[in-house]
Amino acid sequence: ANAALDVDRPHALWSEQDPRAWWDAVNAAVSRLREACDLGAVRGIGLSGQMHGATLLNGSDKVLRPAILWNDGRSAAECLELERRVPASRTITGNLAMPGFTAPKLLWVKKHEPDVFKDIARVLLPKDYVRLRMSGEAVSDMSDSAGTLWMDVAARDWSDDMLAATGLTRDHMPRLVEGSDAGGVLRPEIARDWGMPDNVVIAGGAGDNAAGAVGIGAVSPGRAFLSLGTSGVYFVAGERYAPNPEQAVHAFCHCLPQTWHQMSVILSAASCLSWVTKLTGAKDEAALLGEIEAAGLHGDAPVFLPYLSGERTPHNNPQAQGVFFGMTHETNRAAMGRAVLEGVAFAITDGQDALIAAGAAIDTVSVIGGGARSRLWGRILASALQQPLSFHVGGENGPAFGAARLARLAVTGESPADICTPPQADGVVEPDPLLVDLYAERLARFRRLYGALEQEFS
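Now for a quick tour of the structure. From a predicted model like this one, the values you see are computed outputs, not experimental measurements.

## Notes on the side chain of Ser264
Here comes step 1: Its place among the elements puts Ser264 in strand β17 (residues 260–266).
Here comes step 2: A residue is classified by how much of its surface remains accessible, and Ser264, at 5% relative accessible area, is buried.
Here comes step 3: When neighbours within four sequence positions are excluded, Ser264 is seen to be in contact with Gly232, Val233, Tyr234, Thr313, Gly351, Gln352 and Leu355.

The structure is reproduced here in structure tokens:
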């Protein structure tokens, strides 16, 4: 079941939500589930959620300010300051300090909202605020916490040095568990309200991408997935810690014990398609995709830089902006839509190159997220990446399904290898030989265009 949420953008580069709206949405979704089925047999609940969000609570667990989200770009200066304070930060965390991460956000709050900062007793990630409301316990998992910049990712533990650099200690942090372990029990009063039995286990859970990996079966080395949600994520599972911070590749803990993963991230993917749909007055995304397919992919089209919310991999540039280049009187809605699909594919290709440079061995790539519904986009992506892409039944629900699998593991203690298998196949999209050569040329132009405009972004 789903419940909608809004994002507030009170200033340029800002992106915020009220954590209490998350709890209201959870209750609304559970209410819809109760109408559809009997929840009396539930034994476990898995949690997944957007990563990096700074949820600030006082000693009474009262929310102090709106949560600063993963795609908020205000703390670029604080990233530089954090790396200055801890010269070994990239070695400890496996990641370049970026505004999206949680730790720089706290430096920003300390500088610009000191009255809020002095009242902070606890910092939680979004899904773990929901857990706190469900269980009364402050707990997080390894995968989500690895995205804070407060964690020693190789050791799978909080880093005292990184915490001290932001004026915090372990007392401000939740207890850490593996994603497949128990991370709390549902409060009796919540269980009654939701029509569930007593002692429902809440799994440690995962950040949305690690949960998506569990849902799609990307848990063994070389298994990868491409997530086409609001952002675009290229995720590769591994058995060791393998950072490449210089190219803005993320190296995080996976949500299963003694596993890690590498990840490239672009901040705008399916959100670009939604944006151009509204911009051009198309009925909806499906209608625009139909127009693009009818027009064909072999003619000229503008080049689109998809940096509507800045960019992470490989540029780490929160100031980057979206650009259409090469428009003429003949440019129509279908051409603009096609340029958007291709631009996102080219940005993801930049991410794939960064992953390979970091030593990632990519065997199979599955597609999940809302964008997985479009085989046209799959064809574009496969051709730009020069990589076959596997689609699965229910792939758009990957993170939610992964969270459910983690709940099962937390309750039963089964082997993750037995449970975290790929869902039913729904076809493979191969690279189109005619598009491979075309996209190699257009990708080169895409990269030249970013290089020419980089100094203009401010």
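## Some words on unusual backbone geometry
Here comes step 1: Put simply, Thr313 and Pro314 share a cis peptide bond, and its omega is 0 degrees.
Here comes step 2: Turning to its location among the elements, Pro314 is positioned in the loop between β18 (303–305) and β19 (323–325).
Here comes step 3: Phi angles above zero are rare outside glycine, and Leu149 is one such case at about 70 degrees.
Here comes step 4: Relative to the helices and strands, Leu149 resides in the loop between α7 (142–145) and β8 (151–152).

## Focus: helix α14 (residues 375–385)
Here comes step 1: With nine of its 11 residues buried, α14 lies for the most part within the structure.
Here comes step 2: Gln386 sits one or two residues past α14 and shows a positive phi near 55 degrees.

## Regarding the sheet that holds strand β12 (residues 201–203)
By way of backbone hydrogen bonds, the strands of a sheet pair with one another, either parallel or antiparallel.
Here comes step 1: Pairing in this open sheet of three strands is mixed, and the strands run β2-β12-β11 from one edge to the other. The sheet is open, and its two borders are formed by β2 (44–45) and β11 (182–185), each paired with just one other strand.
Here comes step 2: Sheet topology note: the β2/β12 ladder contains two bridges and is parallel. For Ile45, the partnering residue across the bridge sits in β12 and is Ile202.

The rules behind these values
- Residues numbered from 1 in each chain as written.
- Predicted model: local features only at pLDDT ≥ 70, side-chain atom pairs only at ≥ 80, totals over all residues.
- Heavy atoms only, no water.
- Helix = DSSP H or I, 4+ residues; strand = E, 2+ residues; numbered from the N terminus.
- Buried < 20%, exposed > 50% of the residue type's maximum accessible area, 1.4 Å probe, protein only.
- Contact = heavy atoms within 4.5 Å.
- Pairing = 2+ DSSP bridges.

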